[in-house]
Amino acid sequence: MDNEIQLISDGDGLAVIGNPTDVDRFLTSESLSSKDLGLQRLKSVAGTGAGAAQAGSEIAADSGRWVQLTEESARLVEKYGLRESSKTGLSTGVVKGHKGQVRGFLEFVKGPRSLLTNPAVLAGAARIMTQVAMQQTMDEITDYLATIDEKVDDVLRAQKDAALARMIGVGFVIEEAMTLREKRGGVDEVTWSKVQAVPATIAETQAYALRQLDALAEKMELKSKIGDLAAAAREAESGAREWLAVLARCFQLQDAIAVLELDRVLDASPEELHGHRLGLKAARQARLEHISRSTQRLVARMNAAAGAANAKVLLHPAKSPAVVQSSNDVATGVHDFHRRLGIASGRRSSEARRWADAAAEAKDKALAAGAKGVDAAKALGSETLGRAGSVKGRLSGGIAGRTRRLRGEAEGPDAEAPGAEG
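Throughout this document, residue positions are counted from 1 along each chain, in the order its sequence is written. Per-residue local features of the predicted model are confined to residues with pLDDT of at least 70, and side-chain atom pairs are confined, for both listing and counting, to 80 or more; whole-chain, interface and lining totals are unaffected and use all residues. With hydrogens and water stripped out, all remaining heavy atoms of the structure feed into the side-chain values.

A. A look at the overall build of the chain. Each helix and strand counted, the chain has 12 helices and 7 strands in total. Burial status follows relative accessibility: with a 1.4 Å probe on protein chains alone, a residue under 20% of its type maximum counts as buried, one over 50% as exposed, and anything between as partly exposed. By residue count, 44% of the 422 residues in the chain fall in the buried class. In the chain, of all internal contacts separated by at least 6 residues, the share reaching a separation of at least 24 is 76%. When the accessible surface of the chain is summed, it comes to about 21,400 Å², and 52% of that surface belongs to carbon and sulfur atoms. Think of it this way: any DSSP run of H or I at least four residues long counts as a helix, any run of E at least two long counts as a strand, and we number them from the N terminus. In this description, contact between two residues means that some pair of their heavy atoms is separated by no more than 4.5 Å. All accessible-area figures derive from a Shrake-Rupley calculation using a 1.4 Å probe, and residue coverage is judged against the displayed protein chains alone.

B. Highlighting helix α1 (residues 20-29). Those residues of α1 not exposed but buried are Asp22, Val23, Phe26 and Leu27. Each buried residue of α1 sits inside an arc of 130 degrees when the element is viewed along its axis, so together they form one side. At the N-terminal boundary of α1, the capping side chain belongs to Asn19, with an oxygen 2.9 Å from the backbone nitrogen of Thr21. Immediately beyond the C-terminal end of α1, within one or two residues, lies Ser31, with a positive phi of roughly 55 degrees. What the arc measures is the spread of directions leading from the helix axis to the C-beta atoms. What qualifies as a polar contact is a pair of N or O atoms within 3.5 Å, subject to a donor-acceptor requirement within protein and to the restriction that residues adjacent in sequence count only when both atoms come from side chains.

C. Representation of the pattern of salt bridges in the model. When a carboxyl oxygen of Asp or Glu lies within 4 Å of a side-chain nitrogen of Lys or Arg, that pair is called a salt bridge. Under the criterion given, the structure shown has 15 salt bridges. Residues Glu218 and Arg297 are paired through a salt bridge, measuring 3.9 Å at the closest nitrogen-oxygen approach. On the criterion of sequence distance, the pair formed by Glu218 in helix α8 (residues 199-222) and Arg297 in helix α10 (residues 273-311) is long-range, its members being 79 residues apart. On the basis of relative accessibility, which here comes to 40%, the residue Glu218 falls in the partly exposed class. Assessed through its relative accessible area of 30%, Arg297 is described here as partly exposed. In this structure, Arg339 engages Asp336 in a salt bridge whose closest nitrogen and oxygen atoms are separated by 2.7 Å. Placement of both Arg339 and Asp336 in helix α11 (residues 319-341) is noted, with a separation of 3 residues, approximately one turn of the helix. Classification of Arg339 as partly exposed rests on a relative accessible area of 44%.

Right, dumping it as structure tokens:
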């Protein structure tokens, strides 16, 4: 049906499916950026029968675009009244245009013509949406690793730990499997056999990196002297950048494995696709929360260190601002890391920004207070010297006057006697 747009949301993204012209018009009217959903990959899951044949013909004629859910685009789910299924975890609905404009939510299409009524097609669409979302994060991480000073491979090669050393080889194997998937349109048994054991290595490396971040935070807690705190802050600044790179690479490879795994489940056990997809999303969210807790703890310790350093800036006008600067750099780095992994949303995002802003403000205050402290010290020194000179002058004058008086008293009558006699 012309001007009919089918919408599917899985909480991470929004699939917009329909006639290519209608899809483009809808996206333009909502000012949404999108990427190709790869709708043609659904042909293999349409099933058999008349309804499946009709669904297959719709897939061939339709266009599918994927929109990443942000605070703005997520409002469309409510705006168009999408209804969530407790069984699939998907929110679905249809909007219908009128005279070239999308008018808003109209109705759910209940006939066999709708892709939303074909369970196999709906499960396949959800699979593709999950894969596109993960590949989006993988691209973000690639950009992130390219912008930091230490590339992740350099960091890994510099380590002696066996788990970290194996990460380079694991990365090569996964990248090869992703290339084969792209060329063949799926994941066969041979390809899957090459990668099915690598998640253990990735998990081991992730756990190691998280322990290193925790160790940096604990070291900051143990320092009280400003000199020791400044040294620990410098170590945390460089160490955090390296271990965040390792964590990012781990997360990227875990997403790649999930993309391959969904394709493999589709081929081996298509009836389990929905459940498996939900399980992978839950496991991914658990990893994100674990990473978030460790990184937030480090930022909290750096923020506390900045506060402690700021309180001692008059006594340590050089070292205190250095601690604040390191704290600011760590907070900014963690915030960027969170954003690339998709952690930077909602409450966590605002906290990360507040940490960075607080650290920057503390740095400025420390520098200003340090400058004032130096000026005050100079003024105090000058004033003290002036007072000392004044006291010295008064003391010298007093002693000289007293000496003259004593001498006059001693010489007065006796000094005149010889003159009188003469």
